[in-house]
Amino acid sequence: MLNPSKKSLTLLPLALCLCTSVQAAELTSGKELWLFGGGEPICSSVELKRCAPDKQAEAAAYFQRHQGVTQKTFKPDAKRIAELTALPHWPEKAARAQQVKPLLLTKLEQMQNKDWPEDSWYSEFESFELSDDEQNLLDDVFEQRPVLKDGSTAQVKVYFDGTELYVQQMFQHFIQSAKNRALARAKTSGAAAVAKVTAQKPKLVLISASSNSPMDWVDYYLQLFNAAGADAVWLPIEPALVQVGNCDRLDQDRFRWNGQYKRSERYPELAAYQQKMCRNPDLMKQLLLDADAIFINGGDQSLTMRSLQKKPGEFTELARLLHQRIDAGVPLAGSSAGTAVQSGNTRKKIPMISSGQTVKALQYGAYATEPNAPLCHYHQSCSSDLDGSWLTYRAAGGLQSFTLGVTDTHFRERNREGRLLRLLIDTNTDFGFGMDEATVLRANFIDPDTAQLQVEGRGGVWIADASAAKAKAVKQGDKTTGWSASGMKFSRLLAGDTAFFQQGIQQAKLQCTAPDLLENSKVAPDTYAAVDGRVWQALPGQVQACQREDGRWRYLNLSMSLQVAYESAGDL
C-alpha cells in the first residue's frame, strides 16, 4: 500500500494545458468509465483462497451457514450418456470425433451413477487431452443442478467483508460515484427528487453477456454489487436473444451461439426471468432508463459485441439506449472482457482487441477477423482458421465508449505489452491502455479526446504512445529475419496517480517521494528485459520515475525501441 506521507510529483507540460483545475473526484457530470483489469480477488464460496488471509475461517463459516456452492458436481447416467451419444456432431473435426468419442462414451459408462466433484471429474479425462470445447460440452451435459431443501437452486455465495480492503474500496468508490451523480442529476428536478435519490441505493444494471455461459456468474455479481452499496439487477442480453430473438428456443439458440447446452435446466430461476424479459423487451429498456450505474462482466468481448450488434457496425436499439445513458453521465464499469469491449471511436478508427498472445502477435502481426464462436466445429460455422493465440481485432472497435485508445487487460500478469504495441503499429492507432489485474482506471471525459485519469488497486496501468512510432522489417539478404520499431513512449501509473490525457499525457501527479530524474535504462528492467530474441531498448535520456515499496515502477513518457528476431520464438 502507498505511504500517505509521500509527496506527489507533478509533471508539468511544456505546452499550455487548460487542465490544472480538473479533479476526477469533483466531476459529477460527463462520461465516466471504470476500467477494471480483471482478476479481482473476490471472496466467494468457489474461491476461498481469494478471501483475505485473516478472514478465511470466518468466510468458510459464512458459506457453510448460507449453503454456498463450493464447486460443480457431475454425474453421468444412462439418460445423459444417451443424449451425448445422440448428438449429431462433435466439438472438433470429424477425424477427432471418430478417434475420441467412442473412448469417451466407454469411460463415461464406467463412471455412471456416481457424483464427481470438479477436481476428480477433470482428472478422469486428462489422458484424453480434450479441447476446451470438448470439455465444456461434457461439463454441460453432466453437470448437476445444486438444489436446496425448498427446491430452489443453490448459489455461489460472495462474502464481501472477507474480501481484501483495497478490492472492496474499488467497487465501493464506483458505486459511490454512481450515487453522487444520481444526486447531481436529481438536483435539476427539485427537492423531492433529491430526497428520493438520497433515500435509495443506486440502481446498478449487470450485463453478463461476455460469459460463454451468461447465467453462471449472475448471482455472484448481484451479491457483490449489493454488498458494495447498490441495488443490482440483471439485464439478460446474450447472443441467442439478440441474434435470433426466439423466446421459445433460447436454450437451443444458446447452444448455437455460445456453445452452452441446456443451461435453462441448470438455472431455471434465471431462465424464467430471462423469458419474462424476452417476451416484454420494454422491461429491459426500463432497466437501462432507471440505471444509475452499469457493469459488464469478463469473458469474451466478441460475445459481448454479438449481444450489442445484430451484425457488425449496427448497434441494436437497446445498445443505442446504453450509449445514451453512458453519454448522460451514468458511470459504466467493466472487468477483463468488459473493459476490452469498450475500445472505439466514431470519429476515427480505434480497434477492439479480440484475442491473441504476445508470442504470435510479435511474429505474425494483427488480423482483422472475427474469432470463431464456441463449438463452431460442432455447428459447422467456423469462419476463421486462427485459434485464440493469434492476435485478432475488430477494426471498427467495440462499444466505442472509451475513445482515447485501445484497452487491454490482465496486462503485466500475461506480459501483454508486446501484443498491444503490435496492434497499435499494425492498425496505425496512436494510444493503448493496459490494465493490470485487481486494478481499475477511472476515466472522466471532458470530450472524446480528453479525460482525467485516476488509478486504484494493486497493480498499474500501462499507457503506450505510438503516435510517432515507426516500424520496419529487418532483413538478411532477401530473407526477413525480424522487425524493429522506434519512437514509442510508455508510461505506467499506480494507485493514487492521476493524469490529464489529451492526445497523450499532458500533466500527471505521481505518488513519488522525490522528484529525481532517472536514466531511462534503469527504469522497469523486469518489464523490458531482453527475452528470446526480443529486445526492448531504452533510448538515451532521463525520465521522471520511482519505485513503490513493493518494487513496482511508476514513470512517465519513457522513450523505447523494440527489436524482434523471428528465429528466436518464445513468449515475453
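None of these values were measured; they are calculated from a predicted model. (Residues numbered from 1 in each chain as written. Predicted model: local features only at pLDDT ≥ 70, side-chain atom pairs only at ≥ 80, totals over all residues. Heavy atoms only, no water.)

Describing the confidence of the model for the protein chain
This prediction gives the protein chain a mean pLDDT of 93; 94% of its residues lie at or above 70. pLDDT under 50 marks residues 1-25. Its contacts with residues more than four places away, or in other chains, come to 55 contacts. (pLDDT = per-residue confidence, 0-100. Contact = heavy atoms within 4.5 Å.)

Points about the packing of aromatic side chains
Per the stated rule, a full pass over the model turns up 31 aromatic pairs. These aromatic residues form a ring-pair network of at least three members: W34, F36, F171, F174, W217, Y220, Y221, F225 and F295. Between the NZ or CZ atom of K114 and the centre of the ring of W116, over which it lies, the distance is 4.2 Å. One Lys or Arg, R266, reaches over the ring of Y267 and ends 4.3 Å from the middle of that ring. (Phe/Tyr/Trp six-rings, centres within 6.5 Å; stacked < 30°, edge-to-face > 60°. Lys NZ or Arg CZ within 6 Å of the ring centre and 35° of its normal.)

Considering the nonpolar core
When a protein is soluble and globular, its nonpolar side chains tend to lie buried together. In this structure, L235, I294, F433 and L453 are the most contacted members of the largest nonpolar core, which totals 56 residues. Per-element accounting of this core gives the leading share, five residues, to helix α15 (residues 317-327). (Core = buried A, V, L, I, M, F, W, Y, C linked by side-chain atoms within 4.5 Å. Buried < 20%, exposed > 50% of the residue type's maximum accessible area, 1.4 Å probe, protein only. Helix = DSSP H or I, 4+ residues; strand = E, 2+ residues; numbered from the N terminus.)

Topic: the pairing of strand β17 (residues 450-457)
Regular strands place their side chains on alternate faces of the sheet. Of all eight residues in β17, seven are buried; the element is thus mostly enclosed. Summarising the sheet, strand β16 (residues 439-447) and β17 pair through eight bridges and their orientation is antiparallel. Across the sheet, the residue bridging to N444 is Q452, located in β17. Across five bridges, the pairing between β17 and strand β21 (residues 498-502) is antiparallel. Bridge pairing in β21 places L453 opposite A499. (Pairing = 2+ DSSP bridges.)

Considerations on unusual backbone geometry
Located in the positive-phi region is Q380, a residue other than glycine, with phi close to 55°. Along the chain, the position of Q380 falls in the loop between α18 (376-379) and β13 (391-394). The phi torsion at A438 lies on the positive side, around 55°, for a residue other than glycine. For A438, a relative accessible area of 0% translates into the label buried.

Topic: the pattern of salt bridges
Taken as a whole and judged by the stated rule, the model has 35 salt bridges. Put simply, R263 and D140 hold a salt bridge, and the shortest N to O gap is 3.6 Å. Here R263, found in helix α11 (residues 263-266), pairs with D140, found in helix α5 (residues 132-142); they are 123 residues apart in sequence, far enough to count as distant. Each member of the pair R263 and D140 is classed as buried. With its nearest N and O atoms 3.2 Å apart, the salt bridge here joins E370 to R306. Linking E370 in the loop between β12 (366-367) and α18 with R306 in helix α14 (residues 301-308), this pair joins segments that are 64 residues apart in sequence. (Salt bridge = Lys/Arg side-chain N within 4 Å of Asp/Glu carboxyl O.)

Topic: the packing of helix α2 (residues 78-86) against α5
Remark: α2 packs on α5, axes separated minimally by 10 Å, with the N-to-C direction vectors making an angle of 140°. Judged on the interaxial angle alone, α5 and α2 are oblique. Along this stretch, α2 crosses α5, giving a crossing that reads as right-handed. On α5, the residues touching R80, I81 and L84 of α2 are L137, L138, V141 and F142. (Axes fitted to C-alpha atoms, helices over the stretch in contact; angles between N-to-C directions. Parallel < 35°, antiparallel > 145°, perpendicular 65-115°, else oblique. Left-handed = near helix turned anticlockwise from the far one by under 90°.)

With respect to the sheet that holds β12
Strand order in this open sheet of three strands is β11-β13-β12, and the pairing throughout is mixed. Unpaired on one side and paired on the other, β11 (352-355) and β12 mark the two borders of the sheet. Bridge count for β12 against β13 is two bridges, and the pairing is parallel. By the bridge assignment for β13, Y367 is matched with T392. Relative to the sheet, α14 contacts β11 and β13, its axis offset from that of β11 by approximately 120°. Sheet contacts for helix α19 (residues 417-427): β11, β12 and β13; angle to β13, the most-contacted strand, approximately 55°.

A look at the state of the cysteines
A full pass over the atoms with the stated rule returns four disulfides. Bridging C247 to C278, the disulfide has an S-S length of 2.0 Å. For the disulfide bridge between C247 and C278, the dihedral angle about the S-S bond is near -90°, and by the sign convention the bridge is left-handed. Pair noted here: C247 is in the loop between α9 (239-243) and α10 (250-258) and C278 is in helix α12 (residues 268-279), with a separation of 31 residues, a long-range link. Each member of the pair, C247 together with C278, is buried. (Disulfide = S-S within 2.5 Å.)

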